[in-house]
Amino acid sequence: MTDTSTATAASVPLAPRALPLLGHALPLLRDPLAFIMSLSGYREMVRVRLGPSSAVMVCDPDLTRQVFLNDRVFDKGGPIYDRIREVIGDGLSTCSYTLHRRQRRLCQPSFHPTRMPGYGAVFARAAELKAASWRDGDVLDVTQEMMTLTTRATMETMFSGALPAETMRRSLADTATIVSAFFRRMMTPGVLRQLPTPQKRRYDRARNRLSATIAEIIADRRADPTDHADLLSTLVGAVDEESQDGQKQLSDAELADEALTFFLGGMETTAITLAWALHLLATNPDVQHRLQVETDGVLAGEKLDPAHLPSLGLASRVVTETLRLYPPAWMMTRTLRQDTELGGVSLKSGSTIVLSPYLLHRRPDLYNEPDRFDPDRWLDGQPDRATYIPFGAGARKCIGDQFALTEAILALTAIVARWELTPVGDQPFQPKVETSLSSRGLNLRLSERRTGGADGTELRAAAPKSTSAQPSTQPSTQPGGSACPVQH
Ligand code: HEM
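Residues numbered from 1 in each chain as written. Predicted model: local features only at pLDDT ≥ 70, side-chain atom pairs only at ≥ 80, totals over all residues. Heavy atoms only, no water.

**Regarding the pattern of salt bridges**
For step 1, the next point in the chain: According to the stated counting rule, one finds 28 salt bridges in the structure shown.
For step 2, the next point in the chain: Measuring nitrogen to oxygen at the nearest pair gives 3.8 Å for the salt bridge that ties Asp339 to Lys348.
For step 3, the next point in the chain: Looking at Asp339, the relative accessible area reads 45%, which means it is partly exposed.
For step 4, the next point in the chain: Because the salt bridges share partners, they merge into one network encompassing Arg43, Arg363 and Asp365. (Salt bridge = Lys/Arg side-chain N within 4 Å of Asp/Glu carboxyl O. Buried < 20%, exposed > 50% of the residue type's maximum accessible area, 1.4 Å probe, protein only.)

**Details of the coordination of the iron atom of the ligand**
For step 1, the next point in the chain: Of all protein atoms, just one serves as a donor to the iron atom of the ligand, and that atom is Cys398 (SG), at 2.4 Å.
For step 2, the next point in the chain: By the secondary structure assignment, Cys398 is in the loop between helix 15 (357–361) and helix 16 (401–418). (Donors = N, O, S within 2.8 Å, 3.2 Å for Na, K, Ca; no water. Helix = DSSP H or I, 4+ residues; strand = E, 2+ residues; numbered from the N terminus.)

**Examining a nonpolar patch on the surface**
For step 1, the next point in the chain: Judged by side-chain polarity, Leu19, Leu21, Leu22 and Leu26 come together as a nonpolar surface patch covering roughly 370 Å² of accessible area.
For step 2, the next point in the chain: With respect to the helices and strands, Leu26 occurs in helix 1 (residues 25–30).
For step 3, the next point in the chain: Exposure remark for Leu26: the relative accessible area of 32% places this residue in the partly exposed category. (Patch = residues over 30% accessible without salt bridge, like charges linked within 9 Å, V, L, I, M, F, W, Y side chains within 5 Å. Areas by Shrake-Rupley, 256 points an atom, 1.4 Å probe, with all protein chains shown as cover.)

**Quick word on the pairing of strand 13 (residues 443–448)**
For step 1, the next point in the chain: Taken together, the 3 bridges between strand 5 (residues 139–141) and strand 13 define a ladder with antiparallel strand orientation. Bridged to Leu140 within strand 13 is Leu444.
For step 2, the next point in the chain: Where strand 10 (residues 419–423) and strand 13 come together, 5 bridges link them in antiparallel fashion. By the bridge assignment, Thr422 is partnered in strand 13 with Arg445. (Pairing = 2+ DSSP bridges.)

**Re the confidence of the model for the chain**
For step 1, the next point in the chain: On average, the chain scores 86 in pLDDT, and the residues at 70 or more come to 89%.
For step 2, the next point in the chain: Between residues 474–488, whose pLDDT stays under 50, and residues either more than four places distant or in other chains, the model counts 73 contacts. (pLDDT = per-residue confidence, 0-100. Contact = heavy atoms within 4.5 Å.)

**As for the packing of helix 6 (residues 116–132) against helix 7 (residues 142–159)**
For step 1, the next point in the chain: At a closest axis distance of 9 Å, the pairing of helix 6 and helix 7 adopts a crossing angle of 145°. Note that helix 6 runs across helix 7; the crossing there is right-handed. Across from Tyr119, Val122, Phe123, Arg125, Ala126, Ala127 and Lys130 in helix 6, the residues of helix 7 making contact are Glu145, Thr148, Leu149, Ala153, Glu156 and Thr157.
For step 2, the next point in the chain: Here the contact of helix 6 with helix 7 is composed, by residue class, of 7 nonpolar, 2 polar and 4 charged. (Axes fitted to C-alpha atoms, helices over the stretch in contact; angles between N-to-C directions. Left-handed = near helix turned anticlockwise from the far one by under 90°. Nonpolar A, V, L, I, M, F, W, Y, C, P; charged D, E, K, R; others polar.)

**Some details on the environment of Leu63**
For step 1, the next point in the chain: Position of Leu63 relative to the elements: it lies in helix 3 (residues 61–69).
For step 2, the next point in the chain: Note on Leu63: relative accessible area 6%, which makes it buried.
For step 3, the next point in the chain: When the C-alpha positions of Leu63 and Gly343 are compared, they lie 6.7 Å apart, and in sequence the two are 280 residues distant.

**Considerations on the sheet that holds strand 1 (residues 7–8)**
For step 1, the next point in the chain: With mixed pairing, the 3 strands of this open sheet are ordered in space as 1-8-7. For this open sheet the edge positions go to strand 1 and strand 7 (340–342), each flanked by a neighbour on one side alone.
For step 2, the next point in the chain: In terms of strand pairing, strand 7 meets strand 8 (residues 345–347) through 3 bridges, oriented antiparallel. Bridging from a neighbouring strand, Thr340 pairs with Leu347 of strand 8.

**Digging into the nonpolar core**
Side chains of nonpolar character tend, in soluble globular proteins, to be buried together.
For step 1, the next point in the chain: Core analysis: the biggest nonpolar cluster contains 115 residues, and Met57, Met146, Phe262, Leu264 and Leu412 have the highest contact counts within it.
For step 2, the next point in the chain: Broken down by element, this core gets its largest block of residues, 17 residues, from helix 12 (residues 252–283).
For step 3, the next point in the chain: Ranked by size, the runner-up nonpolar core spans 20 residues in total, among them Val73, Ala329, Val345 and Leu347. (Core = buried A, V, L, I, M, F, W, Y, C linked by side-chain atoms within 4.5 Å.)

The structure is reproduced here in structure tokens:
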């Protein structure tokens, strides 16, 4: 890139209220979303300081897109990625540009559109089983329930449900332990992270056991290369014809890293998206009612099937709108690999760049009434690719986007077909800001709907009830807790 600019990073305005030694650490820790939204008045870029180091936060959609599209220069790297690699290795989501293209070519077939109906069938079955396990009047820990749903569904799509029940149960428990410890471990300095505390021992045990389980499954697959029509079979069989160094297939170690990446990265983001979608439906009963009407009409007593997807327009818009309001990957970072220019400003190699879907998705000049849940804003067409970025963009765009959307739409449909959801209490729900935009602690009450169809029972869509308090879609924050190990 030719550098025709004269401005340097020092000319980028510094966000207000920086303290001498701490910089913006306090507002960022106390209430990161409020801090980020306070920057939405900056049209292009703003500097943020964390202690002695500073980062450039990009506020403009076109500049954000430029960063995403130039992944050779704006690469993944730095201390956050080093920590994530300790958990999931050097897989597709964490590797640097030099390793990325080969890995992406090898992983892409596992997410080919022809694979989606097969995965969709697993998602639909898992969601119906989950919805059938609840009882009228239950108060659900929604995030927990969605985590077990997506963990099970991800395991089955990856390993075709061939796991013995005990292995499945243990892996679900190990996954929960890893995910809940992850954010705390990411925030703990290196020396303290190594102290032999009971939490560390639990975490190490879960991490080692899950890795051993995955290694065992991979060894079994190598010994029996029949196509099981699952994600792992495609990964094991993938061949990279463009490989320059003879490494045409993924090694066992690479396979293990990719499997762990998909598994841990895919299940929490999708679970959180579903939890937020259910929260938004519970607090917007008119939309919930319309979704029930759509669901009843489309299913008409049939079992849920991926073939129903094209008719589930409102469910799809609800998911799109949920990902706008609560993008699980609310912030992403990049490290500059060489001096470059962005928006007329010269930036030095090694600089840190911060991108935020949350900031773009809630900018009032980009979205009309940005804090309002309005799935119908998507009636007129597809989201704009510069201003709507829940899955990122460019070569590092989420490889699991269609996988996640298929799973979320089917799960939402299975749930509203059976249940009406209402908020518990009338206090607005306070989300937690972690590496993901977490819905941990969200509770909703279930009432059974009397639906029918195939057996001739009358279809009844629950009438909308007015909520006494309409909780805001504007989250507040609280540090600590679980987070997705894939740095999205
Ligand atoms: C609603 C659910 C999901 C959301 C919001 C989401 C979001 C994202 C985002 C924003 C990125 C880009 C990160 C960056 O550029 O720094 C990403 C990358 C990635 N995601 Fe997702 N994701 C979701 C589900 C999934 C699923 C289901 C899988 C796998 C089964 C997955 C696997 C990955 C991987 C491997 C990458 C790295 C891709 C690459 O660098 O080539 N994600 N995701």
